[in-house]
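# Descriptive analysis of the structure
Below, each chain spelled out in residue letters.
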Amino acid sequence: LEGMTIANTFLPYESVASSNPKTSAGLDGFDLIVAADVFVYFGSLERVLQVFATLVASTPTKSWLVFSCERATPEEAPLGYRLLPTGRFAHTRDHVETMATQSGYELRKYEEIVPRREKGEPVKGHLFVFKHTGKEVTSKTTGTSQSEL
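It should be emphasised that the depicted structure is a prediction, and the values quoted were computed from it without experimental measurement.

Here is what the cut-offs are and how they apply
- Residues numbered from 1 in each chain as written.
- Predicted model: local features only at pLDDT ≥ 70, side-chain atom pairs only at ≥ 80, totals over all residues.
- Heavy atoms only, no water.
- Buried < 20%, exposed > 50% of the residue type's maximum accessible area, 1.4 Å probe, protein only.
- Helix = DSSP H or I, 4+ residues; strand = E, 2+ residues; numbered from the N terminus.
- Pairing = 2+ DSSP bridges.
- Phe/Tyr/Trp six-rings, centres within 6.5 Å; stacked < 30°, edge-to-face > 60°.
- Lys NZ or Arg CZ within 6 Å of the ring centre and 35° of its normal.
- 1 Å grid on protein atoms, 1.4 Å probe; cavity = no way out; pocket = protein on both sides within 12 Å on 5 of 7 lines; lining within 4 Å.
- Points joined across faces, edges and corners; volume = space filled by probe spheres on them.
- Nonpolar A, V, L, I, M, F, W, Y, C, P; charged D, E, K, R; others polar.

The element strand S8 (residues 125-132) is extensively covered by neighbouring structure, given that 7 of its 8 residues are classed as buried. As judged from the 7 bridges shared by strand S2 (residues 64-71) and S8, these two strands associate in the antiparallel manner. Its bridge partner lying in S8, serine 68 is registered against leucine 127. Pairing of strand S5 (residues 105-113) with S8 involves 8 bridges; the strand directions are antiparallel. Among the inter-strand pairings, leucine 107 is bridged to a residue of S8, identified as phenylalanine 130.

This is the structure we're talking about:
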């Protein structure tokens, strides 16, 4: 059994994407990244959104990011996210938008949704659609630019 972390899951892609926008595998970047009910396994979304921005480096203004996550209010999640009793994370709209903006994305559509039912009850969620602006953004937390990731 191996644990999955940001480091061992994304690092191979980060090093390829940051060393050469047109990778040795012939990728020109990604036009669309979709993550449905995936971010419930991440606390802060800062790092994962920075990695996604790196993966679209060669086609930034053509790149879209669409994802859902569980919804929390600022009162429920003062840090912008919180761990729920289910072992999943819920995120505030503000946290998601702030982390995405810091990674060079611009919100194009937002909708409150029910991403799934759990034990027969609807789960509160949100759906986000972002487009990358093409701007290189520096992380406020780490002080690194996308090209250094």
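We are not done yet, so read on.
Attention now moves to the packing of aromatic side chains. As enumerated under the stated definition, the model contains 9 aromatic pairs in all. Grouping aromatic residues by their ring pairs yields a cluster made of Phe39, Phe42, Phe52, Phe67, Tyr105, Tyr110, Phe128 and Phe130. The cationic tip of arginine 93 hangs over the ring face of tyrosine 110; the distance from NZ or CZ to the ring centre is 3.7 Å.

Our focus in this paragraph is the environment of leucine 55. Within the element layout of this structure, leucine 55 appears in helix H2 (residues 46-55). You can call leucine 55 buried: its relative accessible area is 15%. It is 9.6 Å that separates the C-alpha atoms of leucine 55 and aspartate 31, two residues lying 24 residues apart in sequence.

A separate point is the layout of surface pockets. When its volume is computed, the largest pocket comes out at roughly 220 Å³. Elements represented by at least two residues in the lining of the largest pocket include exactly S2 and strand S7 (121-122). A breakdown of the residues in the lining of the largest pocket according to their chemical character gives 5 nonpolar, 1 polar and 8 charged.

Of note, the phi angle at aspartate 37 is positive, near 60°, even though the residue is not glycine. Mapped onto the fold, aspartate 37 is located in the loop between strand S1 (32-35) and H2. Using a relative accessible area of 23% as the deciding quantity, one classes aspartate 37 as partly exposed. We note that lysine 119 has phi near 55°; this positive angle belongs to a residue other than glycine. For lysine 119, the location among the structural elements is in the loop between strand S6 (117-118) and S7.

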